[in-house]
Amino acid sequence: MLETYWRSKATEMERFERILLDKAVADDERARSILLRLGGVPVETVDGTSHVLRIAQSLKDPLGQGKRLLFLSSHKGRMVGICPGTSGHICCGYRILDLMSNCPMDCSYCVLQSYLNNPVVTVFTNLSDLIDELEMETNRPHSSVFRVGPGELSDSLALDELTRFSEELIAWFADHRDTVLELKTKHSRVDHLLNFRHNGRTVVSWSLNPQAIIEAEEHDTPSLIERLKGARMCQDAGYPIGLHFDPLIFDDYWEKKYQEMVNRIFQFLDSKGVIWISMGSLRFPPSLKRVIEDRFPESRILLGELFPGKDGKLRYLEPIRVGMFQKMISWIRDIDSTLFVYLCMETHPVWKAVFGWSPNSTEGLIELFDRRCRDFMRSSR
Amino acid sequence: MVRRTVGGTGQKSRTKRTQNRGDEGPLLQWVKLAEIDRSDELFAMSFEPDLALLRESAKHMGILEPIWLRRKAVKLQIIHGFRRFDVAQTLKMRTLRALIWGKDQIGDRIAFEMALHGNIAARGLNVVEKAMTLEKLLSRFGVMRDEVIRTWLPLLNLDPNEKVLNSFLLVKTFSLDVKRYLHSHGVSLNNIMLLSEFSREERQRLCRFLSRLRIGENVLREILIHLREIARRDGIGVTDLVSNSRIQRLLSNNRLSGPQKIEAVRKFLKEKRYPRLSELEGKFRLCKKRMGLPPQIEIAPPPFFEGDRFKVQFHFGSQREYEAVLGTLNKLSKKSVGNLLAIKGYRDGTV
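Residues numbered from 1 in each chain as written. Chains lettered and ligands numbered in written order. Predicted model: local features only at pLDDT ≥ 70, side-chain atom pairs only at ≥ 80, totals over all residues. Heavy atoms only, no water.

### Looking at the overall build of chain A
For step 1, the next point in the chain: Across its full length, chain A holds 15 helices and 18 strands.
For step 2, the next point in the chain: The C-alpha radius of gyration of chain A comes to 20 Å, within 12% of the 21 Å expected for a compact globule of 381 residues.
For step 3, the next point in the chain: Overall size of chain A, expressed as C-alpha extent along the three principal axes, is 55 × 50 × 35 Å.
For step 4, the next point in the chain: Taken across its 381 residues, chain A has 61% of its residues classed as buried.
For step 5, the next point in the chain: Summed over its atoms, the accessible surface of chain A is roughly 15,300 Å², and 49% of this surface lies on carbon and sulfur atoms.
For step 6, the next point in the chain: Of the charged side chains in chain A, 48 are positive and 53 negative, and the gap between their average positions amounts to 2 Å. (Helix = DSSP H or I, 4+ residues; strand = E, 2+ residues; numbered from the N terminus. Rg over C-alpha atoms; globule rule 2.2 N^0.38 Å. Buried < 20%, exposed > 50% of the residue type's maximum accessible area, 1.4 Å probe, protein only. Areas by Shrake-Rupley, 256 points an atom, 1.4 Å probe, with all protein chains shown as cover. Lys, Arg positive; Asp, Glu negative; His and termini not counted. Charge placed at Lys NZ, Arg CZ, Asp CG, Glu CD.)

Listed below in structure tokens is the structure:
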């Protein structure tokens, strides 16, 4: 039954025009399964990442065309990392699973465009190595909730129909106390997740923006309503839901658009099933500006008042950010004053200005998360 | 290449062909200017050249280097040496020394490439000439785009990519006024690329506006970016922006020096582009003014008002001065410091 479902969905992955198969994984079972699901797509055997980089460099539009190439390889080195955060800003301490890099969707503001050397969508097939590493990490004594996900260098679910990573990951986390897997996505097809045994330890979270912004800036992504329908399905299946209002994009009409979006979200979702909401304003390294101008000349996101912060990244002028965060929180609190809302990559003064208090440091925010995870899971039982 | 030349100093052609060599080189000989068809500009790549130096030199020494010509049905066609020909003509010379290829001895494309190499080696090309050259390579001599990007852009000292080529091809379509502006101000490739994003009318208007300010490349870039972004954000034309009455008043204000006008225009555009930052800066200046600090104490907000750390800097040359500075700082009222710290207008803890 599930196999039939996967086969029907696999045709939707036809966006890939070529598969670059690292000879190191030519005999890997997961790689073979992915190739099978992409039957008909030409396969070229390559000799490691440097070979793929040479191919990418020969493309006219590496960033655009790279999204239509799929590189199957094996990750060398550690696969469980920690979000590097950003200097002078408070980070939530999200840990990273390096299973994929790059994303088939094409958001104008996506930092991966200037962050990654390799523009080709890459899947590391050695999930079993990652699971071994997870075992090792979680066997060490730890007081914090082990909160982790593959949503840093890619969308967690955009390629799931091909990779089927979620099935094994969700099962593993379901059996491990004090762990939380967060699958961050803009994707909407989640049917396959609904029957997995997750034990409430997998949070499926959505990155959301008003429909007008999705249309203008988040190319090749599902609409707001499609995302919310996916979220609702997951909520009905008992998954805790996370919401990420990130990046918030400012313009003269932002209030109307975002207030409508907040109201719309809670027409679909029960706020009691939302474990956390993050907010982050548009931010990017200066090097991305040129990329956005070249690839998305119609984009309006660069027309804001953006200035370099302590970490060198461009952000809206601080009072603009504070104003946006304050308004967003007031709309959220009007719906449910108990919702857990945090700021992503913001400074202590901004936290203070927005909330009247601050976690002071990354460690402080991690503590808040631990408490929230434990309270939420206790109350959900 | 040259087959063999006899003489070369007299007015008459005294060239003798060598019969025993089978090469296809040109002949070096004296030719009358009247035999040359100046109107044939197939191989021309000069844009409004400044001939003064060459003319001075030619007055004293004559035209030393032979020009390159190709025989046509009736007259001779210039391959390389349009400037020398023009100088010779203005100096009323009657003959010039020339290397002459036969009609079928050399193809158009080879002739153009030779002329191009000759020019690159001798003087380099300005931006308008580079644009003319690239356009000719593509449309007149049928060179493929990839080859132009790969081979000819680097030879012209340009980055080998599509965007650069496209920007230069656009220069070819610019009006004469704009070309003159680019040429006379030595505008950089980056700024040409910015200019190419505007419409023909906007570009023309912009160049008239910019010609009134003598600005360097960095300021030009800043102004162009601000103009482009303000126009896009506000949905207005760049022409309207530069015709703004405040800008016009600034430009025609005779009491302002050139650099003052430039600064005033930059300030105007910055305020338009970053209204909230400018508002904060204005508030800060007012607070600072109200504090009445002496010149040896400098107070600065955090860069771009990001964060809550203000910086005080002072200088002193004696114990007395030092104590005076500390005394001044100590005397700052709670209110004036409070006003400074509240400049961003946050109401902490409202959420």
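### So, the interface of chain A and chain B
For step 1, the next point in the chain: Each partner contributes to the interface: chain A provides 35 residues, whereas chain B provides 25 residues.
For step 2, the next point in the chain: Roughly 2,500 Å² of surface becomes buried between chain A and chain B when both sides are summed, with 50% attributable to carbon and sulfur atoms.
For step 3, the next point in the chain: Sorting the residues of chain A by area buried against chain B places Leu303, Glu305 and Glu318 of chain A first, and these three jointly supply 22% of that buried surface.
For step 4, the next point in the chain: Joining chain A to chain B, the criterion identifies 5 salt bridges.
For step 5, the next point in the chain: Glu293 of chain A is the salt-bridge partner of Arg228 of chain B, the closest N and O atoms lying 3.0 Å from each other.
For step 6, the next point in the chain: The interface formed by chain A and chain B includes 16 residue pairs in polar contact (both at pLDDT 80 or more).
For step 7, the next point in the chain: Of all the secondary-structure elements, those providing two or more residues to the side of chain A that touches chain B are helix 12 (287-295), strand 16 (306-308), helix 13 (318-335) and helix 14 (348-355) of chain A.
For step 8, the next point in the chain: At 8 residues, the largest contribution of residues to the side of chain A that touches chain B is made by helix 13 of chain A. (Contact = heavy atoms within 4.5 Å. Buried area = accessible area lost by both parts, 1.4 Å probe. Salt bridge = Lys/Arg side-chain N within 4 Å of Asp/Glu carboxyl O. Polar contact = N/O pair within 3.5 Å; in protein donor to acceptor, adjacent residues only side chain to side chain.)

### Observations concerning the nonpolar core
For step 1, the next point in the chain: If you look at the biggest cluster of nonpolar residues, it comprises 125 residues, and the most contacted ones within it are Leu169, Leu243, Phe245 and Met328 of chain A.
For step 2, the next point in the chain: Take this core: its biggest share by element is 8 residues, from helix 13 of chain A.
For step 3, the next point in the chain: Contacts of Leu169 of chain A, omitting those with residues within four sequence positions, involve Leu97, Leu99, Leu127, Leu130, Ile131, Leu134 and Leu181 of chain A.
For step 4, the next point in the chain: One finds Leu125, Val148, Phe198 and Phe268 of chain B within the second-largest nonpolar core, a separate group that totals 88 residues. (Core = buried A, V, L, I, M, F, W, Y, C linked by side-chain atoms within 4.5 Å.)

### Overview of the sheet that holds strand 1 (residues 27-32) of chain B
All names here are of chain B.
For step 1, the next point in the chain: Spatial strand order, 1-5-3-4-2: 5 strands in an open sheet with mixed pairing. Among the strands making up the open sheet, the edge pair consists of strand 1 and strand 2 (36-37).
For step 2, the next point in the chain: Across 2 bridges, the pairing between strand 2 and strand 4 (residues 76-80) is parallel. In the sheet register, Asp37 faces strand 4, and the bridge partner there is Gln77.
For step 3, the next point in the chain: Where helix 2 (residues 82-90) meets the sheet, it contacts strand 2, strand 3 (67-71), strand 4 and strand 5 (95-101), and its direction lies at approximately 120° from that of strand 4.
For step 4, the next point in the chain: The strands touched by helix 3 (residues 108-122) within the sheet are strand 3, strand 4 and strand 5, with strand 4 carrying the most contacts at an inclination of about 45°. (Pairing = 2+ DSSP bridges. Axes fitted to C-alpha atoms, helices over the stretch in contact; angles between N-to-C directions.)

### What to know about helix 12 of chain A
For step 1, the next point in the chain: Among the residues making up helix 12 of chain A, those that are buried are Leu288, Val291, Ile292 and Arg295 of chain A. Considered in projection along helix 12 of chain A, the buried side chains sweep an arc of 100° and stay on one side of the axis. (Arc of directions from axis to C-beta.)

### Topic: the packing of aromatic side chains
When we look at a pair of aromatic rings, we describe it by the centre distance and by the angle of the planes.
For step 1, the next point in the chain: Throughout the structure, instances matching the rule amount to 21 aromatic pairs over all chains.
For step 2, the next point in the chain: The interplanar angle of 50° and the centroid separation of 5.6 Å between the aromatic rings of Trp254 of chain A and Trp331 of chain A together place this pair among those described as tilted. Of this pair, Trp254 of chain A sits in helix 11 (residues 254-268) while Trp331 of chain A sits in helix 13, placing them 77 residues apart in sequence.
For step 3, the next point in the chain: Residue Trp254 of chain A is classed as buried on the basis of its relative accessible area, which comes to 5%.
For step 4, the next point in the chain: Ring centres of Phe307 of chain A and Tyr274 of chain B lie 4.9 Å apart, and the angle between their planes is 55°; this geometry places the pair in the tilted category. (Phe/Tyr/Trp six-rings, centres within 6.5 Å; stacked < 30°, edge-to-face > 60°.)

### Focus: the confidence of the model for chain B
Residues and elements named next belong to chain B.
For step 1, the next point in the chain: Of all residues in chain B, 92% have pLDDT values of 70 or greater, and the mean over the chain is 88.
For step 2, the next point in the chain: Below a pLDDT of 50 lies the segment residues 1-22, which in the model reaches 37 contacts outside its immediate sequence neighbourhood of four places, other chains included.
For step 3, the next point in the chain: The complex prediction reports pTM at 0.85, with the ipTM value standing at 0.88. (pLDDT = per-residue confidence, 0-100.)

### Concerning the packing of helix 11 of chain A against helix 13 of chain A
Residue and element names in this part refer to chain A.
For step 1, the next point in the chain: Relative orientation of the contacting elements helix 11 and helix 13 amounts to 30°, with a least axis distance of 10 Å. Our classification of the angle between helix 11 and helix 13 gives roughly parallel. As for the relative orientation of helix 11 and helix 13, their crossing is right-handed in sense. For the pair formed by helix 11 and helix 13, the contact residues are Trp254, Glu255, Tyr258, Gln259, Met261, Val262, Asn263 and Phe266 on the first element and Gly323, Met324, Lys327, Met328, Trp331, Ile332 and Ile335 on the second.
For step 2, the next point in the chain: Per-class residue counts for the contact of helix 11 with helix 13 are 10 nonpolar, 3 polar and 2 charged. (Parallel < 35°, antiparallel > 145°, perpendicular 65-115°, else oblique. Left-handed = near helix turned anticlockwise from the far one by under 90°. Nonpolar A, V, L, I, M, F, W, Y, C, P; charged D, E, K, R; others polar.)

### What about helix 6 (residues 127-139) of chain A?
All names here are of chain A.
For step 1, the next point in the chain: The terminal C-alpha atoms of helix 6 lie 18 Å apart, and with 13 residues this matches the ideal 18 Å at 1.5 Å per residue to within 8%.
For step 2, the next point in the chain: What helix 6 keeps buried is the set Leu127, Leu130, Ile131, Glu133, Leu134, Glu137 and Thr138. In a view along the axis of helix 6, the buried residues occupy a sector of 160°, so they form one face of it.
For step 3, the next point in the chain: Elements that come into contact with the buried residues of helix 6 comprise helix 2 (29-37), strand 4 (80-82), strand 5 (95-97), strand 9 (146-149), helix 8 (165-174) and strand 10 (179-185). (Expected span 1.5 Å × (residues − 1).)

### Re the sheet that holds strand 17 (residues 314-316) of chain A
All names here are of chain A.
For step 1, the next point in the chain: Spatially, 15-17-16 is the arrangement adopted by the 3 strands of the open sheet, whose pairing is antiparallel. The outermost strands of the open sheet, each flanked by one partner alone, are strand 15 (283-284) and strand 16.
For step 2, the next point in the chain: Looking at chain direction, strand 15 and strand 17 are connected through 2 bridges and run antiparallel. By the bridge assignment for strand 17, Arg283 is matched with Arg315.

### A short note on the pairing of strand 3 (residues 69-73) of chain A
Residue and element names in this part refer to chain A.
For step 1, the next point in the chain: The buried fraction of strand 3 amounts to 5 of the 5 residues, a majority that puts the element mostly inside the structure.
For step 2, the next point in the chain: On strand 3, burial covers both faces: Leu69, Phe71 and Ser73 on one face and Leu70 and Leu72 on the other are all buried.
For step 3, the next point in the chain: Of the strand pairs in this sheet, strand 1 (residues 18-22) and strand 3 are connected by 4 bridges, and their pairing is parallel. Opposite Arg18, over in strand 3, you have Leu69 as the bridge partner.
For step 4, the next point in the chain: Bridge count between strand 3 and strand 8 (residues 121-124): 4 bridges; the pairing is parallel. Bridge assignment links Ser73 to a residue of strand 8, and that residue is Phe124.

### As for the pattern of salt bridges
For step 1, the next point in the chain: Under the definition given, this model contains 52 salt bridges over all chains.
For step 2, the next point in the chain: As a salt-bridge pair, Arg32 of chain A and Asp27 of chain A come within 3.6 Å of each other at their nearest N and O atoms.
For step 3, the next point in the chain: Residue class for Asp27 of chain A comes out exposed when judged on its relative accessible area of 67%.
For step 4, the next point in the chain: It is possible to trace a salt-bridge network through shared partners that takes in Lys289 and Glu293 of chain A together with Glu197, Arg228, Glu229 and Arg273 of chain B.

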